[in-house]
Amino acid sequence: MSKPDAVRLREDGMALLGRTIAVHSHDVINAFNVISEMAGLQLDLLQEAAGGEPVDLVELEKICRQIRSYARSGDATVRSLNWVAHRFDDVNPEVEVGQTLAKAVTAAGHLLSVRRVSIALEAPDEQAFARVDPFLLAYAILLGLETLTFKSPRDKTVTVGWQPVPQGIEIAIESGEPVEPPLDREAVRARFELLLRELGGAIETLEGDARGERLVLTIPASRTPAGGVSETGKEVR
Amino acid sequence: MRQIRVLFVDDEPGLVKAVVKRLKLRNIVATGVTSSVDALRKTDEEEFDVAIIDVRMPDIGGLDVLRSLRQRHPAMEVVLLSGHGSVKNVEEGERLGAFEYLQKPVEIEELVEVIHKAADRRQGGGDE
């Protein structure tokens, strides 16, 4: 990779890291704010009870459950951020694809929460491994999701799925409905070019139809469910 | 004395629910919505003295809602809320005529005080 490309990729990665930290911390602050407000409401109700008003136990129990739910959501957000931060520990480690995609989809979900789209992950019940930079893989997933949800209506569902194929691991990002404005496929390929050079993958943009668009990314596998070993993507059984 | 009517706008349903209940316990007629579109619709349907709006909303940003409300309901006072105080947003909010810019988390008593002050200013300025 030429130096300007490396610099560009590093800058893009830093920008993504910045966005990731900003959005995750916002979501944690949000969870704290709700917990704080709900605890305040509990106090209000208890003070009313102390003043002689009847205690609404059902309401208090509901608030307790909601506080616990927001605490769990905040915890999950911090764990997602922690996962992103640890992606820099190793250079091109061998990663389990399903787990890495699940984490990448969770992180992307935070980044795209403002678009109010749902991201579904469809994965086979098996393990496959790849030697890739998980941060770059997460970046590619985010780019794909961003591309397919640009100006999308609220509550649109986008699916991320993967499966072992003879060439390695095929990761597909699919929009459940047509993308508006229609995809400029050349622009999409250009957008992914630099990342793919680093990931060692290839991108395919399939023609959209009434069911929507599909972006397919194929990365080389290091180990496959059947136990095959492939550094080149040609020896997978 | 007429009760103060407040519209609370935030995209987090749990927060909206809790704040609306807490305001009601303090004798304020509070209504909550979780989107800017719903906020604009609600203010066209009902009269409010004060709107409290989160700056970071997913559909239409809080500052754009403020802009729109200034044109549609100029007498309504608007208080902006934010999870993080960006100087640019504070200045823009002031320029657009926001009554106050508060940073979350806000103590409920502080929020109630600001609501009362905003309602007083609105009464001073006359109803729509």
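Residues numbered from 1 in each chain as written. Chains lettered and ligands numbered in written order. Predicted model: local features only at pLDDT ≥ 70, side-chain atom pairs only at ≥ 80, totals over all residues. Heavy atoms only, no water.

Draft legend 1. Layout of empty space enclosed by the protein. For the structure shown, the criterion picks out five cavities of 30 Å³ or more. Space inside the largest cavity adds up to approximately 110 Å³. At the level of elements, α1 (3–50) of chain A together with α1 (13–24) and α5 (108–125) of chain B are the ones that each hand at least two residues to the lining of the largest cavity. Looking at side-chain class alone, the lining of the largest cavity contains eight nonpolar, one polar and two charged residues. Considered as a void within the structure, the second largest cavity measures approximately 70 Å³ in volume. (1 Å grid on protein atoms, 1.4 Å probe; cavity = no way out; pocket = protein on both sides within 12 Å on 5 of 7 lines; lining within 4 Å. Points joined across faces, edges and corners; volume = space filled by probe spheres on them. Helix = DSSP H or I, 4+ residues; strand = E, 2+ residues; numbered from the N terminus. Nonpolar A, V, L, I, M, F, W, Y, C, P; charged D, E, K, R; others polar.)

Draft legend 2. View of a negative patch on the surface. A cluster of acidic residues, Glu91(B), Glu94(B), Glu100(B), Glu107(B) and Glu110(B), forms a negative patch at the surface. Note on placement: Glu107(B) falls in the loop between β5 (100–103) and α5. (Patch = residues over 30% accessible without salt bridge, like charges linked within 9 Å, V, L, I, M, F, W, Y side chains within 5 Å. Areas by Shrake-Rupley, 256 points an atom, 1.4 Å probe, with all protein chains shown as cover. Salt bridge = Lys/Arg side-chain N within 4 Å of Asp/Glu carboxyl O. Lys, Arg positive; Asp, Glu negative; His and termini not counted. Charge placed at Lys NZ, Arg CZ, Asp CG, Glu CD.)

Draft legend 3. Looking closely at the pairing of strand β4 (residues 157–165) of chain A. Residues and elements named next belong to chain A. Taken together, the five bridges between strand β2 (residues 118–122) and β4 define a ladder with parallel strand orientation. Within the sheet, the bridge partner assigned to Ile119 lies in β4 and is Val158. In this sheet, strand β5 (residues 168–175) lies alongside β4 in antiparallel orientation, the contact comprising eight bridges. The residue bridging Val165 from the neighbouring strand is Gly168, located in β5. Hairpin connection between β4 and β5: a loop of two residues separates the two successive antiparallel strands. (Pairing = 2+ DSSP bridges.)

Draft legend 4. Here's a closer look at the interface of chain A and chain B. Chain A puts 18 residues into the contact, and the matching count from chain B is 21 residues. In total, about 1900 Å² of surface goes out of reach between chain A and chain B, with carbon and sulfur atoms giving 51% of it. Three residues stand out in chain A for area buried against chain B, namely Asn33(A), Glu37(A) and Arg116(A), and they jointly supply 29% of the buried area on that side. Note that Lys21(B) and Glu59(A) form a salt bridge whose closest N and O atoms lie 2.3 Å from each other. (Contact = heavy atoms within 4.5 Å. Buried area = accessible area lost by both parts, 1.4 Å probe.)

On their own, these measurements won't tell you what the molecule is for.
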